[in-house]
Each structure stands twice: as C-alpha cells, then as structure tokens.
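# Geometric and topological summary
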Amino acid sequence: MNRLKKLYCRTFQTAFKLALPFLPYRKPQIVGSVKELPDVIRGSGKTSVLIITDSVIRGLGLTSRLERALSKNEIPFTVYDKTVANPTTANVEEALDIYHEQDCDVIIGFGGGSSMDCAKAVGARAVKPKQSLARMKGILKVRKRLPLLIAIPTTAGTGSETTLAAVITDAKTRHKYAINDFPLIPRYAVLDPKVTLSLPPFITAATGMDALTHAVEAYVGRSTTISTRRDALHAVQLIFSNIDTVYTDGGNVNARRDMLHASFYAGCAFTKSYVGYVHAVAHSLGGEYNVAHGFANAVLLPFVLEAYGSSIHKKLHKLAIAAGIADKDTPRATAAALFIDAIQDMKCRFGIGDTIEEIQEEDIPKLARYADKEANPLYPVPVLMDAKELERFYRLLMK
C-alpha cells in the first residue's frame, strides 16, 4: 500500500479510536432461557409480539418453546417465518405489515444472522415509516429508539445479537448494503442452549470458528479497549474449552451454553473494535460465490494471521495463554506459532480444508478490490494491505 493511503487509513482509524469512549455502545442484557421472556415483556410494559424467523427454524420446531411460553402467559404473538438467507427489503416490508396489523410493540429475531438482521430492519422501518431502508444505508441514519428488540440466536457464531448492524438486500436490484446505528443493538439477547441442540456437527464447528475469528480479529487489531480485549480473551478461552465437545457431543447443554456466551462476548468485542482482512476477503467470497461466511472465515483465519507476521506475536501470545496452549514464559514467536497451528489443527479435526473450490483466477482482481474497499480505511488491521496484496489470499485458497 502506498504511503499516502496508509496515512489516510491510520489517520481515520486513530480518529475513530479516540471517539470510541464517547459513542453510545452498549451490551444487550443476557436472558438465559426463552421461558423467561414473558416476564421480560410484561416488565417492559409491552403487550404484543412479532417473532421473525425462517421456515427451516420453525419447521424444526425451535420456536415452539417460545410460542408455548407466550401462550401460557396470554401474551399475543404472530410469527413471520419467510425470512431468506440474505434478507430482502421485501421480507422487511412483509413483516412490517404484520407488525402494524397486529398492533405489535415487541420484535423478536429468532434464528441466525439473517433473522436478526430482518428484525432490526423491521424495527427501523417501524420508527421511521417515511424513510426507506436504502436511505438508512451507512452509518447513524436511524437515530430513533426502536420498539423492544430481542434476539434469540440459534447458532453460536454470528454475534448478531450484539451488533449495531443489519445487512439487507434490495429485492429488485439485489444490491446488498448495511445499516449501522446504535438503536439496532438488541435490548436483550436470549442465550438459550436448547435452541442450538439440533445443529449438525459441521455447522456447529464452522459457526464456532466464526466466533473465534471475531474474537481474534478484534483482539489483534489496533482499535482495542480494555473491555474489548477482556471480552475477546474470554471468548477465546470458552471456544477452545468447548468447541470440540459440542462438535462430538451436540447434546451437551453446558458446552452449548458456553459456546453461546463465547459468541456473545466475541460479538461485543468486534462490534466495538472491528474485524480485519479475514472478514473482508470472506465477505467478497460470500457475495460472489455464496460461500458460507463462517466456513470462509475458518479457512482463511490461519493464513491471514501468518501474513501479519511478527506485528501480532505479542497479542497472539496472550491469546495462546487464554486458549491454554502456552504460558507467560513461552517465547512470543513460539506462542504465536502454537496458536496458529492450533487453529489449523482445529480445522483438520472438523473437516474444514484449506481451499475454496469456487474461486476462479479471472475473478481474483475484482474480489480483491471488493475486500480492499470494505476494509480500508475502516478496519484497524495490524498490517495494511491494498487490493494487489490481498490477491495472495485468494490464490492461496485455490491450491
């Protein structure tokens, strides 16, 4: 990357870091079970609920415990279960119509990141009925308190229950964009392990490594705070202690609960301190080839950490201690290598390889430009790279 662009990126990142203490970040309040939600809803003075999910989640019966709890407590609710994998403006408008028709004042996003993104966008449209989602694209365009927003993640990975972002796809143009504002952070996150018990092993592993990527990228970046470093280290410790257990014994409720908490704390870390080139490259692969985001992150993570080199050895040493694979007397370079090797070994155990077969050589310059545009200057990465330098990661994944 040329010197002028580096100066611009680092100046932008420094200004953002200096502003962090003055921005209204907050953590959702944790609720341990869907059965506790009737008390939460009544305690908030609310009366009617819209549950936003997808047909697969509802078809598996995962929403039934919540539905029974609401019915038992005579709290009216309606379910919108047509959310698609990349939620569209059409999904949001359909759910919004139901929200108004049923006089709802509570929105629950139940599922993965897509359902939670849809729920956030419905809340934004509910409080800004004269403004389209497209006009909310970007940063700080909502600026109004949403209806009571509750997130119930069914995977331990995305961290969407902690974030201020909703990613929406225009139903007509297929243009995908993010809406980022503090009111989109859910008020409550329900970390109920029982809704994750049906996840198959491979998805369990890929989403768990997605959470690991969130924690690691947030920690090694240059815009950390005391709280984000603490959250990232806690997430890494929980993931290394539990991910193999949930992979081999999906019915282990305690391990599932710990993974949900790991995802939550990793989400809190990256929401404030951001991510890095793993995410930028993975997002480009998802957009071009529909490669699953958690899987792409898992494949990429050790390669990008190796590319950062000695600039992150001190931080990887601390992560290795949190993971239980090094101690304070281990030399930094050795601990860093141990940590990267541990991630590579984790991939092997879970059947996650080192390649992504969809990548085409002729697409690489375009993909790298997308990654460069996403990451620079926003992501406070340890080592800055431009599009040309980022091309190496796509070629690594083709071998």
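Below or above, wherever it landed, is the structure these notes cover. The shown structure was predicted, so the numbers you read here are calculated from the model rather than taken from an experiment.

### Section: the pattern of salt bridges
Under the counting rule described, the total for this entry stands at 13 salt bridges. Across the pair R349 and D244 runs a salt bridge, and its minimum N-O distance is 2.8 Å. Note that R349 is positioned in helix 13 (residues 332–349) and D244 in helix 8 (residues 226–248), a separation of 105 residues in sequence. You can call D244 partly exposed: its relative accessible area is 26%. Across the pair K347 and D354 runs a salt bridge, and its minimum N-O distance is 2.8 Å.

### What to know about the nonpolar core
As a rule of thumb, soluble globular proteins bury nonpolar side chains together. Grouped together as the largest cluster of nonpolar side chains are 83 residues, with contacts concentrated most on V236, Y277, L285 and F339. No other element matches the 10 residues that helix 9 (residues 253–273) contributes to this core. If we ignore the near neighbours within four places in the chain, the residues touching F339 are V216, V236, F240, L305, L316, L319, A320, A323 and I325. Within the second largest apolar cluster, 27 residues are counted, among which are I107, A121, L133 and Y177.

### Examining the sheet that holds strand 7 (residues 165–169)
Within the open sheet, the three strands sit side by side as 5-8-7. Their pairing is mixed. Unpaired on one side and paired on the other, strand 5 (138–139) and strand 7 mark the two borders of the sheet. Relative to strand 8 (residues 176–180), strand 7 runs antiparallel, the two sharing five bridges. Each bridged residue has a counterpart across the sheet, and for I168 the counterpart in strand 8 is Y177.

### Thoughts on unusual backbone geometry
With an omega dihedral of 15 degrees, the bond running from N376 to P377 counts as a cis peptide bond. Among the secondary structure elements, P377 is positioned in the loop between helix 14 (364–375) and helix 15 (387–396). Its identity as a non-glycine residue notwithstanding, N290 has a phi of 60 degrees, on the positive side.

### Details of the side chain of E217
Residue position: E217 is located in helix 7 (residues 201–220). No salt bridge is formed by the buried E217. Its closest oppositely charged neighbour is R10, at 12 Å. Beyond its immediate sequence surroundings of up to four residues, E217 is in contact with Y274, V275, G276, Y277, V278, H279 and Y308.

### A word on the packing of aromatic side chains
Going through the model one piece at a time under the given rule, you end up with nine aromatic pairs. Between Y25 and F182 the ring centres are 4.9 Å apart and the planes differ by 90 degrees, which places this aromatic pair in the edge-to-face class. Within this pair, whereas Y25 is found in the loop between helix 1 (3–19) and strand 1 (29–31), its partner F182 is found in the loop between strand 8 and strand 9 (188–190), the two being separated by 157 residues in sequence. Assigned by exposure class, Y25 and F182 land together as buried. Put simply, the rings of F16, Y274 and Y379 pair up and form one aromatic cluster. The ring of F350 carries R349 above its face, with NZ or CZ at 5.7 Å from the centroid.

The rules we used
Residues numbered from 1 in each chain as written. Predicted model: local features only at pLDDT ≥ 70, side-chain atom pairs only at ≥ 80, totals over all residues. Heavy atoms only, no water. Salt bridge = Lys/Arg side-chain N within 4 Å of Asp/Glu carboxyl O. Helix = DSSP H or I, 4+ residues; strand = E, 2+ residues; numbered from the N terminus. Buried < 20%, exposed > 50% of the residue type's maximum accessible area, 1.4 Å probe, protein only. Core = buried A, V, L, I, M, F, W, Y, C linked by side-chain atoms within 4.5 Å. Contact = heavy atoms within 4.5 Å. Pairing = 2+ DSSP bridges. Lys, Arg positive; Asp, Glu negative; His and termini not counted. Phe/Tyr/Trp six-rings, centres within 6.5 Å; stacked < 30°, edge-to-face > 60°. Lys NZ or Arg CZ within 6 Å of the ring centre and 35° of its normal.

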